[in-house]
Amino acid sequence: MAKIKVTQVRSKIRRPQRQKRTLEALGLKKMNQVVVHDATPAILGMVHKIKHLVSFEEIK
């Protein structure tokens, strides 16, 4: 299965609670923190919802 690397590039300060919870559900707690997840539909949907706060790339 493909992997996806997600990096938090913008702050969660002054963001709706829903977006903060999505960041924490992905395991992102600090700026510039990087996490690796399987590219499942659930994870991709979460990343899509907060795409303005994170950068992501596919790992082969």
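Everything below is about the structure shown above.
Worth saying up front: this structure is predicted, and the values here are computed from it rather than measured.

Colleague: I tried to follow helix H1 (residues 17-25) on my own but got confused; where do I start?
Modeller: Think of an α-helix as turning once every 3.6 residues; residues three or four places apart then point the same way. Every buried residue belonging to H1 is among Gln19, Thr22 and Leu23, and all of these are buried. Axial view of H1: buried residues confined to an arc of 100 degrees, hence all on one face. For H1, the exposed residues lying more than 90 degrees away from the buried face are Arg18, Arg21 and Ala25. Of the surrounding secondary structure, the elements contacted by the buried residues of H1 are strand E1 (3-8), helix H2 (41-49) and strand E3 (54-59).

Colleague: Can you help me understand the pairing of E1 in this one?
Modeller: Both faces of the sheet carry side chains from a regular strand, because those side chains alternate between them. The pairing of E1 with strand E2 (residues 34-38) spans 5 bridges and is classified as antiparallel. Within E2, the position partnered with lysine 3 by the bridge is aspartate 38. Two elements, E1 and E3, share 6 bridges in a ladder whose sense is antiparallel. Bridge assignment links lysine 3 to a residue of E3, and that residue is isoleucine 59.

Colleague: Help me understand the environment of leucine 23, please; the structure alone is not making it clear to me.
Modeller: Relative to the helices and strands, leucine 23 is located in helix H1. It is 8.9 Å that separates the C-alpha atoms of leucine 23 and valine 54, two residues lying 31 residues apart in sequence. Apart from the residues lying within four places of it in its own chain, the contact partners of leucine 23 are Gln8, Lys12, Leu28, Ile50, Leu53 and Val54.

Colleague: Sorry if this is basic, but what is going on with unusual backbone geometry here?
Modeller: Peptide bonds are trans in most cases, and residues, glycine excluded, mostly fall at negative phi. One non-glycine residue, arginine 14, lies in the positive phi region at around 60 degrees. Even without being a glycine, asparagine 32 presents a positive backbone phi close to 65 degrees. If you trace the backbone, asparagine 32 turns up in the loop between H1 and E2. You can call asparagine 32 exposed: its relative accessible area is 56%.

Procedures and definitions
Residues numbered from 1 in each chain as written. Predicted model: local features only at pLDDT ≥ 70, side-chain atom pairs only at ≥ 80, totals over all residues. Heavy atoms only, no water. Buried < 20%, exposed > 50% of the residue type's maximum accessible area, 1.4 Å probe, protein only. Helix = DSSP H or I, 4+ residues; strand = E, 2+ residues; numbered from the N terminus. Arc of directions from axis to C-beta. Contact = heavy atoms within 4.5 Å. Pairing = 2+ DSSP bridges.

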